[in-house]
Amino acid sequence: MVDLSPTPRVQAVLAALKQFVEREVEPLERELARRLEARGLPERGLWNLEPDGTLSPIVWEIKREVARRSAAAGFYNLHLPEDAGGGGFSRTEMFFVEEFAYSHGLGMKPAILAWTEGPNPMLLALSAEQRRRLLEPLMRGDRSAAFALTEPQAGSDVLGIKTRAVRDGDDWIIRGHKAIITNAQYCDVAQVVAVTEPGAGSRSLTVFMVEATRPGFRRGATYRTIMDDGLTGEIFLDDVRVPDANRVGDVGQGLPLALTWINWRRMCRGGMCAGWGKFLLDRSREYARQREAFGAPIGALQTVQRLVVDMYLDWYAARSLSLAAQWEIDRLGPYTIPLDPDAVRLISTIKVANDEAFFRIADRAVQVHGGWGLLRDNPVETLFRVARNLRVPAGTDEIQRNLIARGLGLGDR
Ligand SMILES: Cc1cc2nc3c(=O)[nH]c(=O)nc-3n(C[C@H](O)[C@H](O)[C@H](O)COP(=O)(O)OP(=O)(O)OC[C@H]3O[C@@H](n4cnc5c(N)ncnc54)[C@H](O)[C@@H]3O)c2cc1C
């Protein structure tokens, strides 16, 4: 019999996290609101932007403080193996922790966990010396990273990137343009995927850690995305000189390493969508009970009940699928490269099933809330925009279906 309930150590972490949220994160959220108010800005939490569309440095600072405190309290690195200084949690265990962090909706709670900006399983390919220099500052939350793969002409088509790294003695010279990159504006270091051997197919790419202080590293404009997260932008690499000691893994190993990073983000969708989905479901249930139309709560109307029930069905199905799939992935072994072919199918299943279910959930949550659900700054409206976004980064819905089709023995790409 399979027991998918939280293990005792997960239960202990969830209890400790609850206290951490009350004692550390919520006071920081209140401090953020005070600081924004002092500047005459409305409290839009993670969505407070500067005039050029970049996330307010005040918000970023508080977000980093949450990460630093979370690292010190032992939560930020739960997803990394113990021999790297992490918590050694399995994917199934991480599911519950991620679900908890996102179940509070927006605000600073999700910053408890490493996300795009944080230490990640791709960096386990670093040597002991590199881990001390490049990974540990990320694990302490002292530094933040960006993952720079996408370019103006190539996103899904990873082997279509043009950023070039050419060896020069003990260094590499990197030239290229990275686009639609999360944390382009604030990252201290970018994990840059570059072509080192043109025409070598799956062996053509290599990953480098490029500090933002290096001459030739230039941040471009902030993009106004559907989420208005203020964190998405461009990075230009104008002949940036990087020591070979900043290379991640072997020359030519860039594609599998990049996929390790991407697969981690894909699997995190399980807990993220379960947490945010529950947040929207609870809010919509409550709203349907309170809001009256034609002399009675709208929750008494069967058409509105159906909206809420369909939210629940999507949430329950996606959550169950995530748990089952992450449990299977744990049984197959580490999900780093080389990946078991079944793990590829399962990881894409988690991503596309959650992203699409959560999009339907968010759409129905807006509908239950009527006009109020469409007002900017209502978390329901914000999460609807976030939900639409999720279906593209870290691999589109279509790319996930391609990979699942391949796992089912269909097609060759
Ligand atoms: C908010 C945000 C944050 C992002 N953050 C990062 C980041 O931190 N780092 C990073 O490197 N990138 C990041 N990206 C980029 C993101 O990963 C790409 O946008 C995504 O992979 C899709 O690539 P594309 O935009 O070039 O679209 P394309 O690859 O051009 O795709 C366009 C359409 O064609 C479809 N398509 C393409 N190829 C196939 C195929 N083989 N089969 C079927 N359909 C196909 C796609 O599914 C899509 O519908 C981010 C994007 C956004 C919006």
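What counts as what
Residues numbered from 1 in each chain as written. Predicted model: local features only at pLDDT ≥ 70, side-chain atom pairs only at ≥ 80, totals over all residues. Heavy atoms only, no water. Helix = DSSP H or I, 4+ residues; strand = E, 2+ residues; numbered from the N terminus. Expected span 1.5 Å × (residues − 1). Buried < 20%, exposed > 50% of the residue type's maximum accessible area, 1.4 Å probe, protein only. Contact = heavy atoms within 4.5 Å. Core = buried A, V, L, I, M, F, W, Y, C linked by side-chain atoms within 4.5 Å. Axes fitted to C-alpha atoms, helices over the stretch in contact; angles between N-to-C directions. Parallel < 35°, antiparallel > 145°, perpendicular 65-115°, else oblique. Left-handed = near helix turned anticlockwise from the far one by under 90°. Domains from an automatic or database assignment. Buried area = accessible area lost by both parts, 1.4 Å probe. Salt bridge = Lys/Arg side-chain N within 4 Å of Asp/Glu carboxyl O. Polar contact = N/O pair within 3.5 Å; in protein donor to acceptor, adjacent residues only side chain to side chain. Nonpolar A, V, L, I, M, F, W, Y, C, P; charged D, E, K, R; others polar. Near = heavy atom within 4 Å. Areas by Shrake-Rupley, 256 points an atom, 1.4 Å probe, with all protein chains shown as cover.

Draft legend 1. Representation of helix α1 (residues 8-38) in the model. Look at α1: 44 Å from first C-alpha to last across 31 residues, which is about the 45 Å you get at 1.5 Å a residue. Listed in full, the buried residues belonging to α1 are Val10, Val13, Leu17, Phe20, Val21, Val25, Leu28, Glu29, Leu32 and Leu36. Residues of α1 that are buried make contact with α2 (57-73) and α3 (91-102). Positive backbone phi, at 75 degrees, marks Gly40, one or two positions downstream of α1.

Draft legend 2. Geometry of the nonpolar core. By size, the foremost hydrophobic cluster in this structure holds 62 residues, and its most contacted members are Leu17, Val97, Ile112, Trp276, Leu280, Phe358 and Leu383. Where this core is concerned, the elements lending two or more residues are α1, α2, α3, α5 (254-290), α6 (302-332), α7 (341-368) and α8 (379-390). With residues near it in sequence (within four places) discarded, Leu17 still touches Phe75, Val97, Phe100 and Ile112. Ranked by size, the runner-up nonpolar core spans 41 residues in total, among them Ala71, Tyr76, Leu205 and Trp264.

Draft legend 3. Highlighting the packing of α5 against α6. Look at α5 against α6: their axes get within 9 Å of each other, and the N-to-C directions meet at 160 degrees. The orientation of α5 relative to α6 falls into the category roughly antiparallel. Crossing handedness for the pair α5 and α6: left-handed. Within the contact between the two elements, α5 uses Met267, Gly270, Cys273, Ala274, Gly277, Lys278, Leu280, Leu281, Ser284, Arg285 and Ala288 and α6 uses Val304, Val308, Met311, Tyr312, Trp315, Arg319, Ser322, Gln326 and Ile329.

Draft legend 4. Seen up close, the environment of Gly160. The topology assignment puts Gly160 in the loop between β1 (145-148) and β2 (164-168). Taking C-alpha positions, Gly160 is 9.5 Å from Thr150, a pair spaced 10 residues apart along the chain. Once residues lying within four places of it in the same chain are set aside, the contact partners of Gly160 are Gln153 and Ala154.

Draft legend 5. Molecular detail of the domain arrangement of the chain. On domain assignment, one finds that the chain holds domain 1 (8-119), domain 2 (145-248) and domain 3 (255-407). Of note, the centres of domain 1 and domain 2, computed from C-alpha atoms alone, are 26 Å apart. Counting residues at the interface gives 14 residues for domain 1 and 12 residues for domain 2. Interface of domain 1 and domain 2: buried area, both sides summed, is about 1100 Å²; carbon and sulfur atoms make up 59% of it. On inspection of domain 1 and its partner domain 2, the count reaches zero salt bridges. At the boundary of domain 1 and domain 2, one finds four residue pairs in polar contact (both at pLDDT 80 or more). Split by residue class, the side of domain 1 that touches domain 2 holds seven nonpolar, four polar and three charged.

Draft legend 6. Layout of the site of the ligand. Around the ligand lies a shell of 19 residues, among which Phe147, Thr150, Ser156, Thr396 and Glu398 are the nearest. Between the ligand and Ile180 there is a distance of 3.0 Å, counted from a nitrogen atom to a backbone nitrogen or oxygen. Within the contact set of the ligand, an oxygen atom lies 2.7 Å away from a side-chain nitrogen or oxygen of Thr396. Alone, the ligand offers 970 Å² of accessible surface; in the complex the protein occludes 67% of this. Within the residue set of the shell around the ligand, elements represented by two or more residues are β3 (171-182) and α9 (397-407). For the shell around the ligand, the per-class residue count stands at nine nonpolar, eight polar and two charged. A domain-level breakdown of the shell around the ligand finds at least three residues from each of domain 2 (145-248) and domain 3 (255-407).

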